[in-house]
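The primary structure of each chain is shown beneath.
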Amino acid sequence: MDKHARIYVAGHRGLVGSAIVRNLEAKGYANILKRTRAELDLTDEKATDQFFAEYKPEYVFLAAAKVGGIVANNTYPAEFIRDNLAIQTNVIHSAWKHGVARLLFLGSSCIYPKHAPQPMKEEHLLTGPLEPTNRPYALAKIAGIEMCWSYNRQYGTQYLAAMPTNLYGPGDNYHPENSHVIPALLRKFHEAKQNNQPTVTVWGTGTPRREFLYSDDMADACVYLMNLPQDQYRALLGSDESQSGRFEPPLINVGVGEDITIKALAELVKQIVDYQGNIEFDATKPDGTPRKLMDVTRLTKARWRANTALKQGLVIAYQDFLVYQ
């Protein structure tokens, strides 16, 4: 990407989008297009098309999405599938219509089957039932991957889907009910410390294993992928199955390649927050998928690796939470 290229970051205020903007700005990109939800409603087809027609972005990072943890996914399943389908449909179609050179569609590791082999490879997509608690969101993201694939096949576009593992970092959502596991734990342990509570209760058994990627590392991977030389980038776009006979979606996993139990994560957060009480696990609450570990072989072969250790990232995230407070 040329330093003066018009780059649209959809969802620039979110965890991923804000990290991508920071990364681009740090690398000297001078023409970043940003719109808040109030300025541009991406669920509005006409408004989205008008934006692309007027500003003609050359590159698009599609990080805009309705996201949340188990509680949010269980409470608002209709919104999770409806809003995400609308956003990605409008952005991807407008990108094609107005000649975007490359588009990176951001998804989630929840696209993979609940009992996918571990670590999860890109070819495990569509090989089994999804985790029911976030199926509407996952199906929307799978549809986005298929849309990128279909436009690549039919129109020769160069749209790549990047599937990050669980993300955390500056700008996260710390809502007590709608947040993901790390911001939820940071808030829970911090409030217990402030209120001198003797115990903190964590949902589930503590046995599920999760992989966590620092958001600025994710952003760096995204910008790195969009800057790959043409031959390397095209190699990630998969193939037309009707021609190749192979299931090769335009999909790449983005993660660290190692995981941790929720119990161990809770202990680590407890240590960082300096909470002195005890941890209890509520086994009556859902655990979700037993394990979600990404196979990052494709990304490693592209010569990118994460460089922020979990403890280091959690310390930064907690400092961000304190500012948020």
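Now for a look at the structure at hand. (Residues numbered from 1 in each chain as written. Predicted model: local features only at pLDDT ≥ 70, side-chain atom pairs only at ≥ 80, totals over all residues. Heavy atoms only, no water.)

**Observations regarding the pattern of salt bridges**
With the rule as written, the count across this model stands at 13 salt bridges. Close ionic contact of Asp220 with Lys27 constitutes a salt bridge, the shortest N to O distance being 2.9 Å. Separated by 193 residues along the polypeptide, Asp220 in helix α7 (residues 215–226) and Lys27 in the loop between α1 (15–26) and β2 (32–33) bring together distant segments of the chain. With its nearest N and O atoms 3.6 Å apart, the salt bridge here joins Arg153 to Asp240. Of this pair, Arg153 sits in helix α5 (residues 135–155) while Asp240 sits in the loop between α8 (230–235) and α9 (241–244), placing them 87 residues apart in sequence. Judged by relative accessible area, which is 46%, Arg153 ranks as partly exposed. Counted as one network, the salt bridges with shared partners bring together Arg209, Asp259 and Arg291. (Salt bridge = Lys/Arg side-chain N within 4 Å of Asp/Glu carboxyl O. Helix = DSSP H or I, 4+ residues; strand = E, 2+ residues; numbered from the N terminus. Buried < 20%, exposed > 50% of the residue type's maximum accessible area, 1.4 Å probe, protein only.)

**Concerning the packing of helix α2 (residues 45–55) against helix α4 (residues 77–97)**
Angle between the axes and distance between the axes: these two values describe a pair of packed helices. Taken N-terminus to C-terminus, the directions of α2 and α4 make an angle of 35 degrees; their axes are 9 Å apart at the nearest point. Seen from above, α2 lies across α4 with right-handed handedness. Every residue of α4 that contacts α2 at Glu45, Thr48, Asp49 and Phe52 is listed here: Asn90, Val91, Ser94, Ala95 and Lys97. (Axes fitted to C-alpha atoms, helices over the stretch in contact; angles between N-to-C directions. Left-handed = near helix turned anticlockwise from the far one by under 90°. Contact = heavy atoms within 4.5 Å.)

**Some remarks on the state of the cysteines**
Applying the stated criterion across every chain yields a total of zero disulfides. Unpaired in this structure, Cys110 has its nearest cysteine sulfur neighbour in Cys148, at a distance of 16 Å. This cysteine, Cys148, is not joined by any disulfide, and Cys222 carries the nearest cysteine sulfur, 13 Å off. (Disulfide = S-S within 2.5 Å.)

**Structural notes on unusual backbone geometry**
Residue Gln118 is joined to Pro119 through a cis peptide bond whose omega torsion reads -5 degrees. When you line up the elements, Pro119 lands in the loop between β4 (102–106) and α5. The phi torsion at Asn196 lies on the positive side, around 55 degrees, for a residue other than glycine. Mapped onto the elements, Asn196 comes out in the loop between α6 (181–194) and β7 (199–203).

Purely geometric numbers; function is a separate question.
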